[in-house]
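Structural features, examined
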Amino acid sequence: MMTGSVRQDDFGSPEQRMPEWDGDHVHDRASGEADQPDGELLGVDPAELADEDLVREMHSLHRTRLDTLRHASDSALANHLRRTAELETEYLARHPGREVDPSRLRDA
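Residues numbered from 1 in each chain as written. Predicted model: local features only at pLDDT ≥ 70, side-chain atom pairs only at ≥ 80, totals over all residues. Heavy atoms only, no water.

Assigned secondary structure in the protein chain consists of 3 helices and 2 strands. Helices and strands in the protein chain line up, N terminus first, as α-β-β-α-α. Among the 108 residues that make up the protein chain, the fraction classed as buried is 21%. Total accessible area computed for the protein chain in this model is approximately 8400 Å², and 50% of it derives from carbon and sulfur atoms. (Helix = DSSP H or I, 4+ residues; strand = E, 2+ residues; numbered from the N terminus. Buried < 20%, exposed > 50% of the residue type's maximum accessible area, 1.4 Å probe, protein only. Areas by Shrake-Rupley, 256 points an atom, 1.4 Å probe, with all protein chains shown as cover.)

Right, here's the structure in full:
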């Protein structure tokens, strides 16, 4: 038997609780202002990374995920979420037919 979350607020997931981002800027919901001065992007554009560098960057983010989720500031977590989404989106665009391990599948 699965149980639901005990959290009863309007925002269930970390992504929903973090400041919003529009792809280039992280916005604080309260102030409506961007955290990045002059629209500066954080990190190299994933499209410019070689496959090896893209995978290395994703590995680094996944390695630091729990620590960032538990202990980082809201803006740091929002940047982590944004960067993870950018890198993973680029990876999936490059590898749309990626090999799926049959042992990772569930019966329907």
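Here helix H2 (residues 51-71) is 21 residues long and its end C-alpha atoms lie 30 Å apart, about the 30 Å a rise of 1.5 Å per residue gives. At Thr64, H2 is bent by approximately 50°, the largest bend along its length. In this structure, the buried side of H2 is in contact with helix H3 (74-94). (Expected span 1.5 Å × (residues − 1). Bend = angle between axes of the 7 residues up to and from the residue. Contact = heavy atoms within 4.5 Å.)

Turning our attention to the packing of H2 against H3. The interhelical angle for the contact between H2 and H3, taken along N-to-C directions, is 145°, at an axis separation of 10 Å. In this structure, the crossing between H2 and H3 has a hand that is left-handed. Of H3, the residues touching H2 (which contributes Asp51, Leu54, Val55, Glu57, Met58, Leu61, His62, Thr64, Arg65, Thr68 and Leu69) are Ala76, Leu77, His80, Leu81, Arg83, Thr84, Leu87, Glu88, Glu90, Tyr91 and Arg94. In terms of residue class, the contact of H2 with H3 is made up of 10 nonpolar, 5 polar and 7 charged. (Axes fitted to C-alpha atoms, helices over the stretch in contact; angles between N-to-C directions. Left-handed = near helix turned anticlockwise from the far one by under 90°. Nonpolar A, V, L, I, M, F, W, Y, C, P; charged D, E, K, R; others polar.)

Counted under the stated rule, the structure contains 6 salt bridges. In this structure, Arg83 engages Glu86 in a salt bridge whose closest nitrogen and oxygen atoms are separated by 3.2 Å. Placement of the pair is Arg83 and Glu86 together in helix H3, with a separation of 3 residues, close to one helical turn. Side by side, Arg83 and Glu86 carry an identical accessibility label, which is buried. The shortest N-O distance in the salt bridge between Glu90 and Arg94 comes to 2.8 Å. Of this pair, Glu90 and Arg94 both sit in helix H3, separated by 4 residues, roughly a single helical turn. The buried category is assigned to Glu90, whose relative accessible area is 18%. In this structure Arg94 comes out as partly exposed when scored by relative accessible area, which is 24%. (Salt bridge = Lys/Arg side-chain N within 4 Å of Asp/Glu carboxyl O.)

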